[in-house]
Amino acid sequence: MRIVIANASHIKYAQIISDTITDSAKVRGTGIAKRTPEYIQKRLQNGNAVIALDGETFAGFCYIEVWGHNKFVANSGLIVHPDFRNLGLAKQIKEHIFKLSREKFPEAKIFGITTGLAVMKMNYELGYKPVTFSELTDDPEFWKGCQTCKNFDVLTRTEQKMCLCTGMLYDPAAKAKATDKKEVDGKVFKRLKSIKEHLFLKKKNKDE
Ligand SMILES: CC(C)(COP(=O)(O)OP(=O)(O)OC[C@H]1O[C@@H](n2cnc3c(N)ncnc32)[C@H](O)[C@@H]1OP(=O)(O)O)[C@@H](O)C(=O)NCCC(=O)NCCS
């Protein structure tokens, strides 16, 4: 398995990356923003993405997106092909993209929003902390990315204050560093997710 910084030679993988994201969103039934092949193609060429390949076979992908005039970066679009899951690959990809983000944007706060327990655990271990959406970028272009998520109406209803996703932030200026190994209690994140689903989706169903 090779995990490398993506370049123009990887454009041929844009379709499978896009399809894998779409299929995973269907299987999970929860919100994942759609990413078209054209959108992925751009990310494969700008030096801000990593791709995992098993020989010539696509295995995983993640990219860095820059927001709010370089004050924030997000590690987005993490996807591992179903054939390569539960092998620790996402963890390796996250470590690569986190390192690349720190090298290229050392002053930037790194953030993400996710409903995925796996991602919350990995972020937490890298030194991210759960935060309210008000601590994340207010760049409207970032939030526009949520429009293709099936829970977008929740975000609109709460005036962008909260949604099913949990916001997580790594602040390079904060004292706690990623080098401190952190133990994660997955039950806490699971409970948070179920409370949010109860609150937001119950209301949504009532409204319908
Ligand atoms: C989420 C995803 C990236 C995980 O990839 P993976 O390579 O199987 O993950 P890893 O094997 O590296 O596991 C990393 C950690 O997450 C945990 N994990 C993996 N899948 C999990 C799941 N479905 N639920 C809870 N925890 C999970 C692992 O146990 C591991 O934790 P540990 O280090 O404490 O053992 C992959 O399932 C995927 O692509 N899913 C669809 C897309 C998606 O949900 N992307 C995130 C959008 S926010």
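Residues numbered from 1 in each chain as written. Predicted model: local features only at pLDDT ≥ 70, side-chain atom pairs only at ≥ 80, totals over all residues.

- Looking up the protein chain in an unreviewed UniProt entry gives the name N-acetyltransferase domain-containing protein, with the organism given as Cellulophaga fucicola.

### With respect to the sheet that holds strand E4 (residues 72-80)
1) Next: Reading across the sheet, the 7 strands line up as E1-E2-E3-E4-E5-E7-E6 and stay open at both edges, with mixed pairing between neighbours. Each of the sheet's edge strands pairs with one partner strand only, and the pair in question is strand E1 (2-5) and strand E6 (129-131). Sheet twist, expressed as the mean angle between neighbouring strand axes with direction ignored, is 25°.
2) Next: By the bridge criterion, 4 bridges tie E1 to strand E2 (residues 49-54) in an arrangement that is antiparallel. The residue bridging Ile3 from the neighbouring strand is Ala52, located in E2. (Pairing = 2+ DSSP bridges. Helix = DSSP H or I, 4+ residues; strand = E, 2+ residues; numbered from the N terminus. Axes fitted to C-alpha atoms, helices over the stretch in contact; angles between N-to-C directions.)

### A short note on the packing of helix H3 (residues 89-104) against helix H4 (residues 117-126)
1) Next: Here H3 crosses H4 at 45°, and the two axes come no closer than 11 Å. Overall, the two elements H3 and H4 adopt an arrangement that is oblique. Seen from above, H3 lies across H4 with right-handed handedness. Judged by residue contacts, Ala90, Lys91, Lys94 and Phe98 of H3 engage Ala118, Met122 and Leu126 from H4. (Parallel < 35°, antiparallel > 145°, perpendicular 65-115°, else oblique. Left-handed = near helix turned anticlockwise from the far one by under 90°. Contact = placed C-beta atoms within 7 Å.)

### Some remarks on the site of the ligand
1) Next: For the ligand, the set of nearby residues contains 19 residues, the closest of which are Ser24, Arg85, Ala90, Thr114 and Ala118.
2) Next: Where the shell around the ligand is concerned, the elements lending two or more residues are E4, H3 and H4.
3) Next: The biggest single contributor to the shell around the ligand is H4, with 5 residues. (Near = placed C-beta within 6 Å.)

### Considerations on H3
1) Next: Compared with the 22 Å implied by 1.5 Å per residue over 16 residues, the 22 Å span of H3 between its first and last C-alpha is a close match.
2) Next: On the buried face of H3, the contacting elements are E1, E2, strand E3 (57-67), E4, strand E5 (109-114) and H4. (Expected span 1.5 Å × (residues − 1).)

### Considering the pairing of E5
1) Next: Across the 6 residues that make up E5, a large majority, 6, are buried.
2) Next: The side-chain alternation of E5 yields two buried faces, one formed by Lys109, Phe111 and Ile113 and the other by Ile110, Gly112 and Thr114.
3) Next: In this sheet, E5 lies alongside E4 in parallel orientation, the contact comprising 3 bridges. Residue pairing for E5: Ala74 is matched across the bridge by Phe111.
4) Next: Traced from E4 through H3 to E5, the parallel crossover comes out right-handed.
5) Next: In terms of strand pairing, E5 meets strand E7 (residues 166-170) through 5 bridges, oriented antiparallel. Bridged to Ile110 within E7 is Tyr170. (Buried ≥ 20, exposed ≤ 12 C-beta atoms within 10 Å, placed from the backbone. Right-handed = clockwise from strand over helix to strand, strands pointing away.)

### Thoughts on the packing of helix H1 (residues 14-28) against helix H2 (residues 37-45)
Between two packed helices, the angle of one axis relative to the other and the distance separating the axes together describe the packing.
1) Next: The N-to-C vectors of H1 and H2 enclose an angle of 120°; their axes lie 8 Å apart at closest approach. In terms of axis orientation, H1 runs oblique to H2. Our pair here, H1 against H2, has a crossing hand that is right-handed. Residues Ala14, Gln15, Ile17 and Ser18 of H1 form the contact with H2, whose participating residues are Pro37, Ile40, Gln41 and Leu44.
2) Next: Considered class by class, the residues forming the contact of H1 with H2 number 5 nonpolar, 3 polar and no charged. (Nonpolar A, V, L, I, M, F, W, Y, C, P; charged D, E, K, R; others polar.)

### Things to note about H1
1) Next: Given a rise of 1.5 Å per residue, 15 residues ought to cover 21 Å, and the 21 Å separating the end C-alpha atoms of H1 matches this to within 8%.
2) Next: Where H1 is buried, its residues contact H2, E3 and E4.

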